[in-house]
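Listed below are the residues making up each chain.
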Amino acid sequence: MSDKTPSEFVYPLLLAGGSGTRLWPLSRKAYPKQFAQLIGPKSLFQCAAQTLGGPDFAPPVIITGNDFRFIVTEQLAACEIAPQAVLIEPEGRNTAPAVLAGALVIAARDPQALILVAPSDHVIPDGPAFRAAVAAASARARAGDLVTFGIRPTRAETGYGYLELASDANAGAKAPQTLARFIEKPDAARAAQMLASGQYLWNAGIFLFSAETIIAAFRAHAPDILPPVERAVTEATCDLGFTRLAPEPWAEVPDISVDYAIMERADNLAVMPYGAGWSDLGGWDAVWQESAPDGQGNVVSDHATALDCSGTLLRSETSRVELVGIGLEDIMAVATGDAVLVAHRAHAQRVKDAVAALKARGVAQATEFPTDHRPWGWFESLVVGNRFQVKRIHVHSGAALSLQSHHHRSEHWIVVEGTARVTIDDTVQLVSENESVYIPLGAKHRMENPGKMPMVLIEVQTGSYLGEDDIIRYDDVYARGQGAKG
């Protein structure tokens with residue numbers, strides 16, 4: 001047990017609700033980049049939770065969307081991290097309301113608690129160095145300042161906002177400095193000037209302050225945000241350990257970032273310079289840069305081959321797609337099971353335009369994955385045809401799907417790994433590997449995995465309509481309600 005008082009801990013507040021369209025096709029609305037394995041074997045979200053942990057940190061508070069709540073808890077459990085709270089936004093309203101909601105929850109425990117706000121989709125390679133920077137900034141935050149973290153720039157980057165230091169500040173200091181102002185994303189010429197001056201830092205969107213200081217800042221600078229967020233927190237409901245912010249007051253909250261709502265208006269600001277490595281992974285060019293290109297400047301994944309290429313990212317996310325590049329220069333090629341992106345690295349920021357174009361055409365791949373993550377496991381569509389669909393379904397040990405029925409389809413289940421406990425109306429039976437069972441249209445049914453290992457089955461659906469919203473739930477251990485995901 002720690003001998004620290006609650007006020008001596010730093011409380012991480014991880015923002016985990018973004019969509020990350022610039023990293024399509026690996027990052028999509030249904031499974032955004034913070035939960036993907038972009039750099040190394042862990043997701044960005046898992047890395048962030050581990051970086052902001054240790055003896056000086058309280059368990060994290062997470063704020064995310066409804067569809068991601070079980071992904072959050074599953075990924076934290078894989079890292080053996082128990083969150084202090086997981087707040088569910090009824091809808092995304094940008095960072096200002098999210099930060100305030102987290103601060104109000106933490107302040108209810110201790111108004112003097114220090115809160116470290118951080119996006120969960122950034123890369124911070126040197127955890128000890130960053131935690132040392134947090135420790136160095138803590139005194140200013142406890143004294144009532146709003147501390148923002150500024151990254152010492154390594155190039156004339158046009159994709160980031162900047163922080164201008166006061167004339168007497170030192171960008172290389174290891175203590176908080178005086179901040180003059182925030183600068184919007186510059187053009188190339190202006191970015192080069194700022195890099196050369198040495199008086200500008202990248203705005204990382206990471207902040208440190210006490211709960212009472214940030215709440216007072218909202219009261220002073222954004223009084224229209226405070227009342228509805230307070231109501232959303234006060235009227236929040238508990239659902240399987242999640243805290244659901246109340247939807248009606250949340251709908252009244254302005255859609256605004258914490259930079260615009262608070263930071264650009266406050267006068268009690270300080271900036272903590274940081275130079276030990278950071279990236280927001282805002283595009284495939286950043287992934288290429290952070291992935292240690294080889295001597296020819298190439299980054300090549302498993303299931304990819306580069307011949308006479310330079311400065312190129314070749315990445316296949318599945319063993320079923322072998323990606324080969326020949327004679328390519330400064331090209332990004334990313335392949336998933338259902339989509340392929342090919343672009344020049346100089347156009348990395350235009351990937352979001354491609355996603356918008358796909359959405360306009362009604363293309364499912366713009367937002368949806370063939371692999372759909374659920375609290376009990378996941379499934380993927382293998383074949384979709386006229387009046388039939390074939391899925392592979394993976395069910396975690398001890399997990400169970402809801403008791404459900406369908407209006408428009410029947411199902412045939414073939415177990416290929418493990419054993420399933422299957423309920424069909426009033427009959428319960430065990431279905432072992434290489435055995436199958438038929439689910440008639442309209443029958444109430446459920447599958448469970450009673451074993452200690454994952455259970456995998458192949459599902460063949462037939463019927464006039466095969467959409468995921470054709471589900472009537474009668475009982476569900478995950479309390480998801482009706483609809484495709486509930």
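Being a predicted model, the structure only gives us computed values, none of them experimental. (Residues numbered from 1 in each chain as written. Predicted model: local features only at pLDDT ≥ 70, side-chain atom pairs only at ≥ 80, totals over all residues. Heavy atoms only, no water.)

S.K.: Describe in detail the overall build of the protein chain, supporting the description with residues and values.
M.R.: Regarding its fold elements, the protein chain presents 11 helices and 28 strands. For the protein chain, the proportion of its 486 residues judged to be buried stands at 51%. Excluding contacts between residues fewer than 6 apart, the proportion of contacts in the protein chain whose partners are at least 24 apart in sequence is 68%. Taken as a whole, the protein chain presents about 21,000 Å² of accessible surface, with 52% of it coming from carbon and sulfur. (Helix = DSSP H or I, 4+ residues; strand = E, 2+ residues; numbered from the N terminus. Buried < 20%, exposed > 50% of the residue type's maximum accessible area, 1.4 Å probe, protein only. Contact = heavy atoms within 4.5 Å. Areas by Shrake-Rupley, 256 points an atom, 1.4 Å probe, with all protein chains shown as cover.)

S.K.: For the nonpolar core, give the residues involved together with the corresponding values.
M.R.: Counting 67 residues, the largest nonpolar core has L116, F130, F149, I206 and L208 as the members making the most contacts within it. Residue assignment places this core across two domains, with domain 1 (6-274) and domain 3 (371-475) each supplying three or more. With residues near it in sequence (within four places) discarded, F130 still touches T51, L52, L116, I124, F149, I206 and Y274. Core analysis: the next-biggest nonpolar cluster, separate from the first, contains 52 residues, A98, F182, I214 and M263 among them. (Core = buried A, V, L, I, M, F, W, Y, C linked by side-chain atoms within 4.5 Å. Domains from an automatic or database assignment.)

S.K.: Residues and numbers for the side chain of K391, please.
M.R.: When you line up the elements, K391 lands in strand 20 (residues 388-395). At 2.4 Å, the side chain of K391 and the side chain of E468 are in polar contact. Residues contacting K391, with those up to four places away along its chain left out, are F379, E380, S381, L382, L457, I458, E459, Q461 and E468. (Polar contact = N/O pair within 3.5 Å; in protein donor to acceptor, adjacent residues only side chain to side chain.)

S.K.: Which residues make up the UniProt feature "domain: MannoseP isomerase/GMP-like beta-helix" (unreviewed entry) in the protein chain, and what values do they have?
M.R.: Per the UniProt entry, the sites bearing "domain: MannoseP isomerase/GMP-like beta-helix" (unreviewed entry) are residues 306-358 in this numbering. Secondary structure content for residues 306-358 is 15% helix and 38% strand, while the C-alpha to C-alpha distance between its ends is 28 Å. (UniProt positions renumbered as here; feature names shortened; annotations may be inferred.)

S.K.: Go over the UniProt feature "domain: Nucleotidyl transferase" (unreviewed entry) in the protein chain with me, naming the residues and quoting the values.
M.R.: Residues annotated in UniProt with the feature "domain: Nucleotidyl transferase" (unreviewed entry) correspond here to residues 12-292. The distance separating the terminal C-alpha atoms of residues 12-292 is 29 Å; by composition the span is 34% helix and 22% strand.

S.K.: I'd like a rundown of the sheet that holds strand 12 (residues 299-300), residues and numbers included.
M.R.: Two orientations exist for strands paired in a sheet by backbone hydrogen bonds: parallel and antiparallel. An order of 12-14-16-17 is seen for the four strands of this open sheet, with the pairing classed as mixed. With one partner strand each, in any of the chains shown, strand 12 and strand 17 (340-344) form the two edges of the open sheet. For strand 14 (residues 313-316) and strand 16 (residues 331-335), the ladder comprises four bridges, and the chain directions are parallel. Pairing of L313 across the sheet is with M332, part of strand 16. (Pairing = 2+ DSSP bridges.)

S.K.: I'd like a description of the environment of C47, backed by residues and values.
M.R.: Considering the arrangement of structural elements, one finds C47 in helix 1 (residues 44-51). Taking the relative accessible area as the measure of exposure, C47 reaches 28% and is therefore partly exposed. Spatially, the C-alpha atoms of C47 and A366 are 26 Å apart, while their sequence positions differ by 319 residues.

S.K.: Summarise the state of the cysteines; cite the residues concerned and give the values.
M.R.: Enumeration over the complete set of coordinates arrives at zero disulfides. Left unpaired, C47 is separated from the closest cysteine sulfur, that of C79, by 7.6 Å. Of the residues examined, C79 reaches a relative accessible area of 13% and is grouped as buried. (Disulfide = S-S within 2.5 Å.)

S.K.: Please set out the sheet that holds strand 19 (residues 377-385) residue by residue, giving values where relevant.
M.R.: If you trace the six strands from one edge of the open sheet to the other, you get 18-19-20-27-22-25, paired in antiparallel fashion. Sheet topology places strand 18 (371-374) and strand 25 (436-439) at the edges, where each strand pairs with a single neighbour. Ignoring which end each strand starts from, the neighbouring axes of this sheet average 20 degrees apart. Pairing geometry for strand 18 and strand 19, over four bridges, is antiparallel. Paired with T371 across the strands is E380, a residue of strand 19. (Axes fitted to C-alpha atoms, helices over the stretch in contact; angles between N-to-C directions.)

S.K.: Report on the domain arrangement of the protein chain, specifying residues and quantitative values.
M.R.: Domain annotation of the protein chain identifies domain 1 (6-274), domain 2 (284-361) and domain 3 (371-475). Taking only C-alpha atoms into account, the centre of domain 1 sits 39 Å from that of domain 3. Between domain 1 and domain 3 lies a buried interface of about 330 Å² when both sides are counted; carbon and sulfur atoms form 67% of it. Applying the counting criterion to the domain 1 and domain 3 interface returns zero salt bridges. (Buried area = accessible area lost by both parts, 1.4 Å probe. Salt bridge = Lys/Arg side-chain N within 4 Å of Asp/Glu carboxyl O.)

S.K.: An account of the pattern of salt bridges is needed here, citing residue identities and associated values.
M.R.: Scanning the entire structure with this criterion turns up 20 salt bridges. One salt bridge connects D338 with R28, and the closest N-O pair in it is separated by 2.7 Å. With D338 in the loop between strand 16 and strand 17 and R28 in the loop between strand 1 (10-16) and helix 1, this residue pair connects regions lying 310 residues apart in the sequence. D338 gets classed as partly exposed once you look at its relative accessible area, which sits at 27%. Of the residues examined, R28 reaches a relative accessible area of 1% and is grouped as buried. The salt bridge involving R320 is made with E380; its shortest N-O contact spans 3.4 Å.

S.K.: Describe helix 3 (residues 95-109), naming the residues involved and giving the relevant values.
M.R.: For helix 3, which comprises 15 residues, the first-to-last C-alpha distance of 22 Å matches the rise-based estimate of 21 Å (1.5 Å per residue) to within 8%. Here helix 3 lies mainly inside the structure; 11 of its 15 residues are buried. (Expected span 1.5 Å × (residues − 1).)

S.K.: How would you explain unusual backbone geometry if you had to name every residue and give the values?
M.R.: Across the junction of W24 and P25, the peptide omega takes the value 10 degrees, indicating a cis bond. For N94, which is not glycine, the phi torsion reads 75 degrees and is therefore positive. Among the secondary structure elements, N94 is positioned in the loop between strand 3 (85-89) and helix 3.

S.K.: Provide a residue-level description of the pairing of strand 17, including the pertinent values.
M.R.: Side-chain positions along a regular strand alternate between the two faces of the sheet. Because side chains alternate across strand 17, one face comprises the buried residues L341 and A343, and the other comprises V340, V342 and H344, none of which is buried. Two elements, strand 16 and strand 17, share five bridges in a ladder whose sense is antiparallel. If you follow A335 over to strand 17, its bridge partner there is V340. Hairpin connection between strand 16 and strand 17: a loop of four residues separates the two successive antiparallel strands.

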